[in-house]
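Structural overview for review
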Amino acid sequence: MREFVLMTDSCCDLSQQMVEDLGLVVLPLSVLQEGKEYRDYPDHRELDPKVFYQKLRAGAMGSTSAANVESFREAMEPILQAGKDILSINFSSALSTTCQSAAMAARELGEQYPEGKMIVIDSLCASLGQGMLVYLAAQEKAKGKSIDEVADFVRETIPHLCHWFTVDDLNHLKRGGRVSAAAALFGTMLQMKPVLHVDDEGRLIPVSKVRGRKASIKALLDKMEELALDTETVFISHGDCLEEVEEMAQSIRERFGTKNIFINYVGPVIGNHSGPGTIALFFLGKHR
């Protein structure tokens, strides 16, 4: 059985330590802030997330760009040359062209390296939802599963990877076209906080609005109670609001007996659209 490498992109929002522990290859997406382009590496070598969110709070506007075909080619070719196969699990195609770039690079390289196997999977996930999927895939790989067995596991898991999140400031979603200007204005005035999820097609979908921050966080936990199949492992990402997330994590431990809670920033590529104060909860459920 040929050895294979797990590849993903920086929208997985996994920490550098976890990237190293899992043996991943991670391609950076890019964010443009205050006229300067930064690549979003897991070790934050070009842009510290705390600095990024400070600038967002100060009103800095930004834009983002996907990983391109050439980036994937450059990352994939040395792996193929080393006689290894590649399983690439990428950011939702409903939110980025990154997965299409990976698939195109794999097709092109397949002609040059017909003996190599490259499987590209659209995670239909975002942030640590994507990260959790990659983490679970790495656990299967560590059991000695083949690339095809791990790929099948990933495809079977995607419809059960629940993404539930809330944002603190509706204006960031307004700029991204997720809510109307009027809804953002009145929602802000009334302290309304949206509860959203990522659906089966990998799209961000507003589900409800609640009044106040504590109510929105409780709504995430209520969704976990309603849907969760497995409460042993949970991932949480945040837009520079660690203190609130740590309180939430403690509530999860007390309410569900959860043993493994992984916490990290919502990276700048997604954070540029969701804004400071975003809290996102990821777990395996009956359905999304």
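The sections below set out a description of the structure shown in this document. (Residues numbered from 1 in each chain as written. Predicted model: local features only at pLDDT ≥ 70, side-chain atom pairs only at ≥ 80, totals over all residues. Heavy atoms only, no water.)

Another point: the nonpolar core. The biggest cluster of nonpolar side chains holds 36 residues, and the ones touching the most others in it are Leu-6, Leu-14, Leu-24, Leu-87, Ile-89, Val-154 and Phe-235. Taken together, the elements giving at least two residues each to this core come down to β1 (4-9), α1 (16-22), β6 (85-90), β7 (118-122), α5 (127-142), α6 (147-157), β8 (161-166) and β13 (279-285). If you tally residues by element for this core, the top one is α5, at eight residues. If sequence neighbours within four positions are ignored, Leu-24 has contacts with Leu-6, Leu-14, Val-19 and Val-134. In terms of nonpolar packing, the next biggest core, distinct from the first, is built from 31 residues, Leu-56, Ala-67, Ala-102 and Ala-126 among them. (Core = buried A, V, L, I, M, F, W, Y, C linked by side-chain atoms within 4.5 Å. Buried < 20%, exposed > 50% of the residue type's maximum accessible area, 1.4 Å probe, protein only. Helix = DSSP H or I, 4+ residues; strand = E, 2+ residues; numbered from the N terminus. Contact = heavy atoms within 4.5 Å.)

This part takes up unusual backbone geometry. Phi at Glu-34 takes a positive value of approximately 50 degrees, unusual for a residue other than glycine. With respect to the helices and strands, the residue Glu-34 is situated in the loop between β3 (30-33) and β4 (36-39). Positive phi outside glycine occurs at Leu-124, with the angle close to 55 degrees. By secondary structure assignment, the location of Leu-124 is in the loop between β7 and α5.

Let us look at the sheet that holds β6. The four strands lie next to each other as β2-β1-β6-β7, forming an open sheet whose pairing is parallel. Sheet topology places β2 (25-27) and β7 at the edges, where each strand pairs with a single neighbour. Strand-to-strand twist in this sheet, taken as the mean axis angle between neighbours without regard to direction, amounts to 20 degrees. Where β1 lies against β2, three bridges are found, and the strand directions are parallel. (Pairing = 2+ DSSP bridges. Axes fitted to C-alpha atoms, helices over the stretch in contact; angles between N-to-C directions.)

Moving on: the packing of aromatic side chains. For the structure on display, the rule yields five aromatic pairs. With 5.1 Å between their ring centres and 75 degrees between their planes, Phe-52 and Tyr-53 make a pair best called edge-to-face. Both residues of the pair, Phe-52 and Tyr-53, count as buried. Taking the centre distance of 6.3 Å and the plane angle of 15 degrees together, the rings of Tyr-53 and Tyr-265 count as stacked. Of the two residues, Tyr-53 sits in helix α2 (residues 49-57) while Tyr-265 sits in strand β12 (residues 260-265), which places them 212 residues apart along the sequence. Considered together, Tyr-53 and Tyr-265 belong to a single accessibility category, that of buried residues. Here a set of aromatic residues connected by ring pairs shows up, and it is made of Phe-52, Tyr-53 and Tyr-265. The ring of Tyr-41 is capped by Arg-45, whose NZ or CZ atom sits 3.7 Å from the centre of that ring. Directly above the aromatic system of Phe-4 lies the positively charged group of Lys-141, at a separation of 5.2 Å from the ring centroid. (Phe/Tyr/Trp six-rings, centres within 6.5 Å; stacked < 30°, edge-to-face > 60°. Lys NZ or Arg CZ within 6 Å of the ring centre and 35° of its normal.)

Let's shift gears to the environment of Ile-252. Structurally, the position occupied by Ile-252 is in helix α10 (residues 242-256). With 21 residues separating them along the chain, Ile-252 and Thr-231 place their C-alpha atoms 8.9 Å apart. Sequence-distant contacts of Ile-252, that is, excluding residues within four places in its chain, are made with Leu-221, Met-224, Val-234, Ile-236, Gly-257, Thr-258, Ile-261 and Leu-281.

This next bit is on the sheet that holds β3. Reading across the sheet, the three strands line up as β4-β3-β5 and stay open at both edges, with antiparallel pairing between neighbours. In the strand order of this sheet, the two ends are held by β4 and β5 (62-65), each with one partner. On average, each strand axis in the sheet is tilted by 25 degrees relative to the strand beside it, whichever way the strands run. Direction of pairing for β3 relative to β4: antiparallel, over a ladder of four bridges. From the neighbouring strand, Val-31 faces β4, where its bridge partner is Tyr-38.

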